[in-house]
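Descriptive structure summary
Here is how the chains run, residue by residue.
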Protein chains: 2
Amino acid sequence: MQRYFIKENNWLGDHVIIENDDAKHIAVVMRMNEAERIVCVHPSGKAALCTISQIEKNRIEAKIIDYLIDNSELPVRVTIVQGLPKGPKIDFILQKGTELGAIAFQFFTGERSVMKWDTKKAKQKMLRYEKIVKEAAEQSHRTHIPHIHEVCSLTEVMNQLEENAIVLFADEEAVRDGEFAPFQSALKKVKNAQHLYIVIGPEGGIADSERQFLLANDAIPVRFGPRILRTETAALYALACISYEFEES
Amino acid sequence: MQRYFIKENNWLGDHVIIENDDAKHIAVVMRMNEAERIVCVHPSGKAALCTISQIEKNRIEAKIIDYLIDNSELPVRVTIVQGLPKGPKIDFILQKGTELGAIAFQFFTGERSVMKWDTKKAKQKMLRYEKIVKEAAEQSHRTHIPHIHEVCSLTEVMNQLEENAIVLFADEEAVRDGEFAPFQSALKKVKNAQHLYIVIGPEGGIADSERQFLLANDAIPVRFGPRILRTETAALYALACISYEFEES
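As a starting point, this report considers the structure included with it. (Residues numbered from 1 in each chain as written. Chains lettered and ligands numbered in written order. Predicted model: local features only at pLDDT ≥ 70, side-chain atom pairs only at ≥ 80, totals over all residues. Heavy atoms only, no water.)

**As for the relation of the copies chain A and chain B**
Where we set the bar: Least-squares fitting of one copy onto the other uses the C-alpha atoms of those residues that reach a pLDDT of at least 70 in both copies. Throughout, a contact is declared for two residues whenever any of their heavy atoms are within 4.5 Å.
For the pair chain A and chain B, the superposition axis carries a translation of 0.0 Å, the fit reaches an RMSD of 0.1 Å, and the rotation angle comes to 180 degrees. In short, the pair behaves as if placed about a two-fold rotation axis. Across chain A, the smallest distance between a C-alpha and the rotation axis is recorded for Cys241 of chain A, namely 2.6 Å. Taken as a fraction of all interface residues of chain A, those also at the interface in chain B reach 100%, which identifies the copy contact as same-surface.

**Notes on the sheet that holds strand β5 (residues 47-56) of chain B**
Residue and element names in this part refer to chain B. Here is the rule: Two strands are said to pair when DSSP picks up at least two bridges between them. Numbering of helices and strands runs from the N terminus; a helix is a DSSP stretch of H or I covering at least four residues, while a strand is a stretch of E covering at least two.
Here 6 strands make up an open sheet; going across it, the order is β1-β4-β5-β6-β3-β2 and the pairing mixed. Whereas interior strands pair on both sides, the edge strands pair on one side only; in this sheet they are β1 (3-5) and β2 (11-12). Two elements, strand β4 (residues 37-41) and β5, share 5 bridges in a ladder whose sense is antiparallel. Residue Val41 lies in a different strand from β5, and its bridge partner there is Ala47.

**Here's the deal with the interface of chain A and chain B**
Heads up, the rule is: In the analysis that follows, any N or O atom pair within 3.5 Å is treated as a polar contact, provided that within protein one partner can donate a hydrogen and the other can accept it, and provided that, for residues neighboring in sequence, both atoms belong to side chains. Following the grouping adopted for this structure description, the nonpolar residues are Ala, Val, Leu, Ile, Met, Phe, Trp, Tyr, Cys and Pro, the charged ones are Asp, Glu, Lys and Arg, and the polar ones are all others, Gly among them.
The partner chain B presents 42 residues to the 42 residues of chain A that form the contact. The interface formed by chain A and chain B contains 34 residue pairs in polar contact (both at pLDDT 80 or more). Of all elements in the fold, only α2 (87-99), α3 (122-139), β11 (181-182), α6 (183-187) and α8 (231-247) of chain A reach the threshold of two or more residues within the side of chain A that touches chain B. No other element matches the 10 residues that α8 of chain A contributes to the side of chain A that touches chain B. Each residue belonging to the side of chain A that touches chain B can be placed in one class, and the counts come to 18 nonpolar, 13 polar and 11 charged.

**Focus on a nonpolar patch on the surface**
Definition in use: Here, patches come from residues exposed beyond 30% relative accessible area and free of salt bridges, joined within 9 Å for like charges and within 5 Å for nonpolar side chains (Val, Leu, Ile, Met, Phe, Trp, Tyr). Accessible surface area values rest on a Shrake-Rupley calculation with a 1.4 Å probe, where residue burial reflects the displayed protein chains alone. Here, a salt bridge means any Lys or Arg side-chain nitrogen found within 4 Å of an Asp or Glu carboxyl oxygen.
Together, Val28, Val29 and Met30 of chain A make up a nonpolar patch on the protein surface, roughly 270 Å² of accessible area in all. Its location among the elements puts Val28 of chain A in helix α1 (residues 20-29).

**A closer look at the packing of aromatic side chains**
Rule in force here: Each aromatic pair joins two rings of Phe, Tyr and Trp (for Trp, the six-membered one) with centres within 6.5 Å, and gets the label stacked for planes under 30 degrees apart, edge-to-face for over 60, and tilted for any other angle. Geometrically, a lysine NZ or arginine CZ counts as sitting over a ring once it is within 6 Å of the ring centre and also within 35 degrees of the ring normal.
What the rule picks out here adds up to 12 aromatic pairs over all chains. Ring geometry for Tyr244 of chain A versus Tyr244 of chain B: centroids 5.9 Å apart, planes at 85 degrees, classification edge-to-face. Residue Tyr244 of chain A is found in helix α8, and its partner Tyr244 of chain B is found in helix α8 (residues 231-247); the two belong to separate chains. Site record: aromatic cluster; members linked through ring pairs are Phe183, Phe224, Tyr237 and Tyr244 of chain A together with Phe183, Phe224, Tyr237 and Tyr244 of chain B. Across from the ring centre of Phe92 of chain B, 5.7 Å away, lies the NZ or CZ of Lys96 of chain A, which sits over that ring. Sitting over the face of the ring of Tyr67 of chain B, Lys46 of chain B holds its NZ or CZ atom 4.8 Å from the ring centroid.

Quick look at the structure:
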């Protein structure tokens, strides 16, 4: 069933008001009619089964029938901390990372980032990124839209970690030297309420100074399998394994 | 280090001849010079550390220094059996599935496949697909180039399985009814030498008749996490978890 994230102000007692792009999607793209059913998701994460009761231009009213018991969020909160890659890869990581359950994305300008972050275009880009994660969250039946943090440096990321956070990073250097923790042994230390940060370098990987900085800050080097993954594949590998460990056992 | 798959005829005693696109890649794209090092991979999977000894137009000679002990192939052989999706998704599944270790790809025309397979363009398309997997295999440091089977029907796939194969399929229906095996419990039954086939429906999912057919042929329904994954994400989820289970414990 089609899902829409609806902002708090539009929940009015026993019904919900759907506006703008979402209303257009229901009326024009999906060509839905009155009495058809959709799922509306409240910012708190509650999902409600609704019946469309009125279709007007750019405004749809839906009656709440029942609240659903949804369990589509990862039991571990995972933020993907990604060295800024080239343009289309950002879209890809946001879309697929949302499908796979990330709670937030934090891009950082890595030493080896080829792509520079253009702060002039930042606002416009962020709007586009937010649209990508909202649509992916709806499509994958999530009850939470991942947050996209402002781009910053790796130092800033590490200074703003949540308390008791665990930081893992994909470390090619450690893999070459055989000094890595198997990903399973690292993940098995994570508890349900903990916030897990997965740090992944940009296309050129993590620079040696960044690696030293991460190690000095208790980040744990891990391996994502013995093959060399492209930067945009690493986040997906990590999220799929986290789902497998915490949701599919 | 850059890797190149070299066909059998070009291995001549203590040196290797590199031609065509690969020679161009070394000389023009990578701008490498004599005495620089590359890795050449034999069709048997053996990887050799080599030094470039001679650069000519479209032909490069490299001297074998040593054979490497490579361990970049999944211990379980995994074929991705994928309901034919729309065009660009095929490229995506081939590239990322190769990075993540699939041994072969088998696309089938699912009942709900929107995309029809144009047999007239098949030869040309297959050449392009083979280029995608070769490049992804080189980039990810694999010693095996995945095989891409000719497109066929799901019945044909199931009739041509290797003996003792295990077939798992992503089943949204079972997930809705709560009648699925957790992916971990299904994977833990797989032994190292077994061939594992992962069946994934096209965009619209697996049709009910296909589902019944798979079940009647001992395929096991599994869940790839509680979120709804796009068809092109499902193969990656499966491969990442297989790596996690067999390589990262």
